[in-house]
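Summary of the model geometry
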Amino acid sequence: MALCLGQVFSKDKTFRPKKRFEPGTQRFELYKKAQASLKSGLDLRKVVQLPEGENLNDWIAVHVVDFFNRINLIYGTVSEYCSERTCPIMSGGLRYEYRWQDGKDYKRPTKLPALKYMNLLMDWIESLINNEEIFPTRVGVPFPKNFQQVCKKILSRLFRVFVHVYIHHFDSICSMGAEAHINTCYKHYYYFISEFNLIDHSELEPLVRHQMYECEVRMHMKKDQMEVL
């Protein structure tokens, strides 16, 4: 039986405190509007659309922060199963490997255990969304010209968390009854990045291939069951 969100994603399993919006600000109001739409049961394809009269960069900022919070929570839930022994390399199956590079401590792409990679990733994203020059919170302060490019990079790296969790830890997710919540989060993420063209679709290939493989496995299992009958 699926558990409620509060039971599945306990606060002590998150990596870090959630990034919040200041009450009374435009972004806080947009966040409340987005959350209300999510809870209303509307089609997720419609939920992600820019509300009439709103600023696109504000809408993107709200969602980038929200996805950071939610995906951080998802990984925190399975992190106890993701150790240097179980996941010595940050990967998405045998075909895809993700190496860390930040231009500072890791100037070249570097192989890392998944847990270390995730910690560095979340630290990196948190430093960006807390940077007033990139994610301004004061009224009248414009977004930088490269804002959407920064967001595209954040979102593409957050996608790697979905890849790793789905391919390497989905059994643990299912055992907790959390698969419906993670599937909904992924759909929301996917429709949002597709709506505003925020990720190169070649980046999505690991999960597309994995889903195709899963479909083939299920088809073969059904065929074998029919033959037995």
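Refer to the structure above for everything that follows.
Read on for a plain summary of the structure. (Residues numbered from 1 in each chain as written. Predicted model: local features only at pLDDT ≥ 70, side-chain atom pairs only at ≥ 80, totals over all residues. Heavy atoms only, no water.)

Some details on the overall build of the protein
From N to C terminus, the protein includes 9 helices and 2 strands. Listing every helix and strand of the protein by position from the N terminus yields α-α-α-α-β-β-α-α-α-α-α. Scored against the burial criterion, the 229 residues of the protein give a buried share of 42%. Expressed as a percentage of contacts within the protein between residues at least 6 apart in sequence, the contacts between residues at least 24 apart total 73%. Here the protein displays about 13,400 Å² of accessible surface, and carbon together with sulfur accounts for 52% of that area. (Helix = DSSP H or I, 4+ residues; strand = E, 2+ residues; numbered from the N terminus. Buried < 20%, exposed > 50% of the residue type's maximum accessible area, 1.4 Å probe, protein only. Contact = heavy atoms within 4.5 Å. Areas by Shrake-Rupley, 256 points an atom, 1.4 Å probe, with all protein chains shown as cover.)

Thoughts on the environment of phenylalanine 147
By secondary structure assignment, the location of phenylalanine 147 is in helix H6 (residues 147–168). Residue phenylalanine 147 is classed as buried on the basis of its relative accessible area of 0%. As for phenylalanine 147 and isoleucine 60, which are separated by 87 residues in sequence, their C-alpha atoms are 9.5 Å apart.

Overview of the pattern of salt bridges
Applying the stated criterion to the full structure yields 4 salt bridges. Salt-bridge contacts for arginine 99 lead to glutamate 97; the nearest nitrogen and oxygen are separated by 2.8 Å. (Salt bridge = Lys/Arg side-chain N within 4 Å of Asp/Glu carboxyl O.)

Concerning the side chain of asparagine 57
Turning to its location among the elements, asparagine 57 is positioned in helix H4 (residues 56–78). At 3.0 Å, the side chain of asparagine 57 forms a polar contact with the side chain of glutamine 148. For asparagine 57, the contacting residues outside a window of four places in its chain are Phe143, Phe147 and Gln148. (Polar contact = N/O pair within 3.5 Å; in protein donor to acceptor, adjacent residues only side chain to side chain.)

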